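Each chain, letter by letter, is given below.
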Amino acid sequence: MQDFLPPFDNSFAVGLAKLLVPLAQSMHKLEIRVSPRCKQLVETYAPKHTVIAANHSDRFDPLCAYALAKDCTEEFYFLASREQFDQNFGFSGWLMQQVGTYSVIRGRKVDVPSAEKTIDILVEGKRNLVQFPEGDVTGRNDVILPLKKDGMRNMFEAQRRLLTTGESLYVLPVAMYYQVKSDAIPAMNRSIVQLERWLNLPVFTGSESQREQRIKRLVFGFIEHQTKFYGVQVEKDQSLSDQLRSISRAISTNTASANNVEYDADENEALLLYGVRAELKDPRNSDLDRAEQLLILASTLENQTVTDEIAWRVLDRLEKELTGKVTNKGNRIAFIDAAPPVDLKPLYPQFIQDQVGAMAELDAQVRASLTELMQQMQTLDVTPGLVHAGSERV
């Protein structure tokens, strides 16, 4: 894989991108509402050394993060996986760099140039840094997954360097919570019928209560399609999520073998995937892209309740993987809120004595704040045209 790709400070590109945010929202039928509290906290900590730690439940989270920058009249740095920069023959990556995005190669090895850039950005404090510390898209509304340890180590190293001036590094939890509007239900039903036909499944029109059953049947059909395509077998008594992970693992190991890449068979599916991709000369690999989508779908299906929003995400992934394109499935709202930040300066002495314990404490505080925010936003109003008392439209 090619070298680290740095961010650029291109104010013209940033300004242009902000002008295009409403167009992107309209294209994707996504209304974004930023709470006054979130806006106040982002603006208050903009002059300070701050990491905006956001949950990563949806593929539109980057758009929401950029809408947040627009609403707060701020410029952020962003961190994105290296393979994203090669999309559209590298043009996507060039645009990402212009608006302040830099790359990280995920995997078992630390991407040293990326880590150093992260630390430099945090110490310099010119712009705040937006990170999705859970790693990949989780699809989860019910839980925040553990934060990546490498990212937390970078934060504590930045705090160590800031001690020379007596300054603090702040970790600002920002939660994004999505809900579908009522017009999405008929569109989702049409999507289900389309996918049933694509998989040659009997199409039936049941009650709203049967939607979950039909979606699970679609996932089962998708799994059968993938096992035949890749020539792999899965244990039928496994959950749908575990079956998807098994296929993802088989794709990663087969890709590794075909490219003479060594791998650890005991690694979890995500680390295995990232490690194999990191060793390829060309990170653009459609099979590994599929393996990653399988893991996202597996995580999404582990939500305790299949809400309309979760159903939307599952259908969205299935459409992309089966038909190659996604359809308009109605309007959605993304609520964005923030909690008071975690000051790393008081935590740093503990980090010196016990790195694992200090990172566990940081992880617990950030995840607790994000979880509480998510729970609060579940009660917000999605009435078309109505702005909740705690929200502002972007």
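This text goes with the structure placed above it.
Every value quoted in this text rests on a predicted model; they were computed, and no experiment measured them. (Residues numbered from 1 in each chain as written. Predicted model: local features only at pLDDT ≥ 70, side-chain atom pairs only at ≥ 80, totals over all residues. Heavy atoms only, no water.)

Here's the deal with the overall build of the protein
A count of helices and strands for the protein gives 14 helices and nine strands. By the compact-globule yardstick of 21 Å for 394 residues, the protein fits well, its C-alpha radius of gyration being 21 Å. Once the C-alpha set of the protein is aligned to its principal axes, its extents read approximately 65 × 55 × 40 Å. Here the protein holds 394 residues, and 53% of them are scored as buried. Looking at the protein alone, contacts between residues at least 24 apart form 75% of all its contacts between residues at least 6 apart. On the protein, roughly 17,800 Å² of surface is accessible, and the fraction owed to carbon and sulfur atoms is 51%. When the 45 positive and 53 negative side-chain charges of the protein are each reduced to one mean point, those points stand 4 Å apart. (Helix = DSSP H or I, 4+ residues; strand = E, 2+ residues; numbered from the N terminus. Rg over C-alpha atoms; globule rule 2.2 N^0.38 Å. Buried < 20%, exposed > 50% of the residue type's maximum accessible area, 1.4 Å probe, protein only. Contact = heavy atoms within 4.5 Å. Areas by Shrake-Rupley, 256 points an atom, 1.4 Å probe, with all protein chains shown as cover. Lys, Arg positive; Asp, Glu negative; His and termini not counted. Charge placed at Lys NZ, Arg CZ, Asp CG, Glu CD.)

Let's talk about the pairing of strand 7 (residues 332-338)
Burial of strand 7 is extensive: seven of the seven residues sit out of reach of the surface. Summarising the sheet, strand 1 (residues 30-34) and strand 7 pair through five bridges and their orientation is parallel. The partner of I32 across the bridge, within strand 7, is A334. One ladder, built from seven bridges, connects strand 6 (residues 169-180) with strand 7; its direction is antiparallel. The partner of Y178 across the bridge, within strand 7, is A334. (Pairing = 2+ DSSP bridges.)

Looking at the side chain of D136
In this structure, D136 sits in the loop between strand 5 (128-131) and helix 6 (149-162). Classification of D136 by relative accessible area gives buried; the value is 15%. Reaching out from D136, the side chain makes a polar contact with the side chain of Y274 at a distance of 3.3 Å. For D136, the residues in contact, after removing those within four places along its chain, are H56, R106, Y274, E292 and I296. (Polar contact = N/O pair within 3.5 Å; in protein donor to acceptor, adjacent residues only side chain to side chain.)

Describing the environment of L315
Tracing the chain through its elements places L315 in helix 12 (residues 308-323). Placed 97 residues apart in sequence, L315 and L218 show a C-alpha to C-alpha distance of 8.8 Å. Residue contacts for L315: discarding those within four places in its chain leaves M188, S191, I192, L195, I215, L218 and K329.

With respect to the side chain of S191
For S191, the location among the structural elements is in helix 7 (residues 184-198). Apart from residues lying up to four places away in sequence, S191 is in contact with L315, E319, T327 and K329.

Examining helix 12
With 16 residues, helix 12 should reach 22 Å at 1.5 Å per residue; the first-to-last C-alpha distance of 21 Å fits that figure. Taking burial as the measure, the 16 residues of helix 12 include 13 buried ones, the bulk of the element. Just downstream of helix 12 lies G324, where phi reads positive at about 85 degrees. (Expected span 1.5 Å × (residues − 1).)

Structural notes on the packing of helix 1 (residues 11-27) against helix 3 (residues 61-71)
Closest axis-to-axis distance for the helix 1/helix 3 pair is 10 Å, and the angle between their directions is 120 degrees. Between helix 1 and helix 3, the interaxial angle falls into the category oblique. The chirality of how helix 1 crosses helix 3 is left-handed. In contact with V14, A17, K18, V21, P22, A24 and Q25 of helix 1, helix 3 contributes L63, Y66, A67, A69 and K70. Residues that form the contact of helix 1 with helix 3 fall into these classes: nine nonpolar, one polar and two charged. (Axes fitted to C-alpha atoms, helices over the stretch in contact; angles between N-to-C directions. Parallel < 35°, antiparallel > 145°, perpendicular 65-115°, else oblique. Left-handed = near helix turned anticlockwise from the far one by under 90°. Nonpolar A, V, L, I, M, F, W, Y, C, P; charged D, E, K, R; others polar.)

Quick look at the state of the cysteines
By the definition in use, this model includes zero disulfides. The thiol of C38 is unpaired, and the distance to the nearest cysteine sulfur, on C72, comes to 6.0 Å. A residue is classified by how much of its surface remains accessible, and C72, at 3% relative accessible area, is buried. (Disulfide = S-S within 2.5 Å.)

Regarding the pattern of salt bridges
Here the idea is simple: oppositely charged side chains can pair when their charged atoms come close. Per the counting criterion, the structure on display carries 38 salt bridges. Between E83 and R277 there is a salt bridge whose closest N-O contact spans 3.8 Å. Placement of the pair is E83 in the loop between strand 3 (76-81) and helix 4 (91-98) and R277 in helix 10 (residues 269-279), with a sequence separation of 194 residues. Residue E83 shares its accessibility class with R277, and that shared class is buried. In this structure, E157 engages R160 in a salt bridge whose closest nitrogen and oxygen atoms are separated by 2.7 Å. Taken together, the positions of E157 and R160, both in helix 6 and three residues apart, correspond to about one turn of that helix. On the basis of relative accessible area, E157 is assigned to the partly exposed category, the value being 22%. Several salt bridges share partner residues, and in doing so they unite E83, R106, D136, R277, D289 and E292 into one network. (Salt bridge = Lys/Arg side-chain N within 4 Å of Asp/Glu carboxyl O.)

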